[in-house]
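Summary of the model geometry
Take a look at the letters that make up each chain.
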Amino acid sequence: MSEYFKHLFTPIELGPIRLRNRIYVTPHATMFASDARDNLPGDTLAYYCAERAKGGAALIEVSMGIVNAEVGQTSPDTDAHYDPLSGGHPMILTGRWPLRATDPRIVVGYRKLASMVHEQGGRCFIELASGGTNVGNDRGVSPFPWPSHPIHALPFTSRELSEEEIEAQVEAYGVAAKLVRESGLDGVDLHGTHGALISEFLSPVMNHRKDRWGGPLENRMRFLEEVIRRIREYVGEEIAVGMRLMGDERFDGGHRPEDAAQVARRLDGRIDWITADQGYSPQQEDWQAVPMYVESGYNLRITTPLKSVLKRTKVGVVGKYVDPTFAESLLASGQADIVAMTRALIADPELPNKAMQGRLSEIRPCIGVLQDCWGRMIRGLPISCTVNPVVSRERDWGVGTLEQAAARKKILVIGGGPAGLEFARVAAERGHKVVVYEKTRKPGGQAPIAAMLPGRENISAIVRWLVDQVRSLGVEVKYGMEVTEDEAVVQFLFEEEKPSAVVIATGSSPIRTGFQPYTMNEVDGWEEPVVCTDQDIWEGRVQAGERVIIADSLSFIEAPGLAEHLGRRGKNVEVVTPLAYTGLETNLYNHWDHLLPRLFSARVKVTPFTWVRRVRGKTVTLYNLYHDSVRQEEVDNLVLITGRRQEDSLYGVFRGRVPEVHLIGDARIGGARIGNAMYDAAKLGREI
């Protein structure tokens, strides 16, 4: 064991359960919990959890078992076409999530999950929840309207749960815990944050009841205490019992860290561990799983007061912990007893083993974009990972499944971006001889540009990791070697490298004409000297002037990122877009609470439903897509951000001249993201 992590790898007891170390995975919706779409746990979930246990994590928690679904929200039986309260949310309709926690049939899936995790030396808990009014329940703590959210339930007004309904909820928790114990799983984690019913009862903002369930804190805690009491009646001390506690509602007058500390003090010794988090769902999901703009440890202001009042109950910390060194420091200083490293273990399930063995440079980094984990989940799709395409494919692609190639090949990769490097890594691990030609003097393709956007510097971490990996595998990367269609260049390659396969990973280039799908036309005057692309500015070919208009027909980060960058340098920046706002897609990735304040503080103006009619000299004519409003602006730069076109010309050059030619990443589909490129590359690397 590494001498630097003596606290991190010291065992600990949570009630009757002994954990081999202090690293755990928090409950998170994978959207593949049920293979049969019957809301019962299946093999994909079991392999996913076992992979993290195999990698050394001590505890894997599974989300989410809904108790008493016929009374609670997010029922697996909800039909959005019948029940408008579901809002048509994809998470409800897929049948992949949540789990039917009180259905006796769940024991079969639980047992397989427990067996596979235990076989790898880990422990496994199930999160139990009854959701509140925020996710489509017509019965809640108090009668109040709930605001809408772009991707969640419609606004509506609920009614108070009756005494009988509250008792049914309490009993359902006990039944669910009993099924967990019978299956051989190790514990339950009560969901008391993010708008779940427990957190609504605790909330002074949400809970306006006038009976014994509302009012002072001791009344608002009654539901939680009854749930704990009932669970103990069913399972005693045979399994661990803990909870995720609301630490900050982020509403005026809401539950705050000092309130959470009072709750924790009353629960000390009655449950085995507590974690604390912040943010209500759906309005504040940007604080449930924060993107790259937020520093690690952002929840310590919530958990520190808890740690100071708890004497017997252990404290787990959540808050974007991706570095085992930071985790070790929290344990060594007494700020925590166990540390959640969920996103880090999605990116690299072997993180604990690598840290324990001192192989820190080999840990695949989480870059925090949330595009393929949270971003897929929130749309009802099985999660993956931008940097780790193995996620959700553990049975076939997991650790130990990569087989040596039947025939060793010499493979020429053209392009040293994420796609080219990831392919080179996987192919080299399988025994192929790989050489990479990269036309620039540095690796990463478009990733280094993406890392220039404010707050997104960590994207460069995956490039560094890939470079280190291919170097250790003996892959030769030749920089400053541009491959063109020139016959002499092609002939040189065949003579120099003698490849039996060529992989084209040449990426894409920005569309310069302003062509986009809203008008299906180029921008009139795109050839004018004031017109450029965002890539021109990032790569230094164009120096932005004082007055800049960014015309953005995309929905991602390119325009808001450049706008913030220029605005912070004193430029007068306006973003015009035919969409309802700039960066709409980033809302799916929990960016807006963090990105928009940055944009506004840089004094950027955003004008929706607007596009460019023409450019003449420095005069840009803008118009509204839905009425006759037209205006003219004098600019130093008009930046067109309307998409990218794949650079695939070399595919035709090599096809027919070598046994195998493949296109991957942006060279196959222009404008694809890093996650798409990594998946393309990993898949081909396993198949070639």
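Bear in mind that the values here come from a model prediction, so they are computed numbers and not experimental data. (Residues numbered from 1 in each chain as written. Predicted model: local features only at pLDDT ≥ 70, side-chain atom pairs only at ≥ 80, totals over all residues. Heavy atoms only, no water.)

1. With respect to the packing of aromatic side chains
Applicable threshold: Between the rings of Phe, Tyr and Trp (Trp by its six-membered ring), a pair exists once the centres lie within 6.5 Å; its type follows the angle of the planes, with under 30 degrees stacked, over 60 edge-to-face, and the other angles tilted. Each residue's exposure class comes from its accessible area (1.4 Å probe, protein chains only) as a fraction of the maximum for that residue type: buried when under 20%, exposed when over 50%, partly exposed otherwise.
Within this structure, the stated rule accounts for 13 aromatic pairs. Here the aromatic rings of Phe5 and Phe9 are separated by 6.3 Å at their centres, their planes lie at 85°, and the arrangement is edge-to-face. Neither Phe5 nor Phe9 differs from the other in exposure class; each is buried. On the numbers, 5.1 Å between centres and 40° between planes, the contact of Phe125 with Trp273 is tilted.

2. Structural notes on the packing of helix 4 (residues 163–183) against helix 7 (residues 222–235)
Here is the rule we go by: Convention adopted: a line fitted to C-alpha atoms gives each axis, helices being fitted over their contacting stretch, and angles between N-to-C directions are expressed from 0 to 180 degrees. Strands here are runs of E lasting at least two residues and helices are runs of H or I lasting at least four, both read from the DSSP assignment and numbered beginning at the N terminus. Note on convention: near helix rotated counterclockwise from far helix by under a right angle means a left-handed crossing. Clockwise means right-handed. The contact criterion used throughout is that any non-hydrogen atoms of two residues lie within 4.5 Å.
Two numbers describe how helix 4 lies on helix 7: the axes approach to 8 Å, and their chain directions differ by 40°. Here helix 4 and helix 7 pass one another in a crossing that is right-handed. Residues Ile166, Glu167, Gln169, Val170, Glu171, Tyr173, Gly174, Val175, Ala177, Lys178 and Arg181 of helix 4 lie in contact with helix 7, whose contacting residues are Phe223, Glu226, Val227, Arg230, Ile231, Tyr234 and Val235.

3. Here we look at the confidence of the model for the chain
Close reading of the predicted structure is inappropriate where its pLDDT is low. Selection rule: One confidence number per residue, pLDDT, is output by the predictor and ranges from 0 to 100.
Confidence in the prediction of the chain, expressed as mean pLDDT, is 92, and 93% of residues score 70 or more. Per-residue pLDDT stays below 50 along residues 71–75; that stretch engages in 22 contacts with residues further than four places along the chain or on separate chains.

4. Remarks on the side chain of Asn219
By the element assignment, Asn219 lies in helix 6 (residues 217–220). Every residue in contact with Asn219, bar those within four places of it in the chain, is listed here: Asp211, Arg212, Trp213 and Gly214.

5. Regarding the sheet that holds strand 27 (residues 630–634)
Applicable threshold: Here the rule is simple: two strands pair whenever DSSP picks up at least two bridges between them.
Pairing within the open sheet is antiparallel, and its three strands lie in the order 25-26-27. Of all strands in the sheet, those bounded by a partner on one side alone are strand 25 (610–616) and strand 27. The average undirected angle you get between the axes of adjacent strands in this sheet is 25°. In terms of strand pairing, strand 25 meets strand 26 (residues 619–624) through six bridges, oriented antiparallel. Within strand 26, the residue paired with Arg614 across the bridge is Thr621.

6. A few points about the packing of helix 15 (residues 418–429) against helix 23 (residues 674–687)
Relative placement of two packed helices is described by the angle separating their axes and the distance separating the axes. Note the cut-off: Oblique is the label for every angle not falling under 35 degrees (roughly parallel), over 145 degrees (roughly antiparallel), or within 65 to 115 degrees (roughly perpendicular).
Remark: helix 15 packs on helix 23, axes separated minimally by 8 Å, with the N-to-C direction vectors making an angle of 30°. If you check the angle between helix 15 and helix 23, you find them roughly parallel. Between helix 15 and helix 23 the crossing geometry is right-handed. The residues of helix 23 that touch helix 15, namely those facing Pro418, Ala419, Glu422, Phe423, Val426 and Ala427, are Ile674, Ala677, Met678, Ala681, Ala682, Leu684, Gly685 and Arg686.

7. A look at the sheet that holds strand 21 (residues 531–533)
The five strands lie next to each other as 21-28-22-23-24, forming an open sheet whose pairing is parallel. Each having just a single partner strand, strand 21 and strand 24 (605–607) make up the two edges of the open sheet. This sheet shows a mean twist of 25° between the axes of neighbouring strands, independent of strand direction.

8. A short note on the pattern of salt bridges
Working definition: two side chains of opposite charge can pair if their charged atoms are close together. Note the following rule: Salt bridges are defined by distance alone: a side-chain nitrogen of Lys or Arg within 4 Å of a carboxyl oxygen of Asp or Glu.
If you walk through the whole model with that rule in mind, you get 47 salt bridges. Residues Lys307 and Asp337 are paired through a salt bridge, measuring 3.7 Å at the closest nitrogen-oxygen approach. Placement of Lys307 in helix 9 (residues 300–309) and of Asp337 in the loop between helix 10 (324–332) and strand 15 (338–340) is noted, with a sequence separation of 30 residues between them. Lys307 sits in the partly exposed class, given a relative accessible area of 23%. The closest approach of N and O atoms between Arg657 and Glu487, which form a salt bridge, is 2.9 Å. Linking Arg657 in the loop between helix 22 (649–654) and strand 30 (660–663) with Glu487 in helix 18 (residues 487–497), this pair joins segments that are 170 residues apart in sequence. The network of salt bridges with shared partners includes Glu167, Glu171, Arg230 and Glu233.

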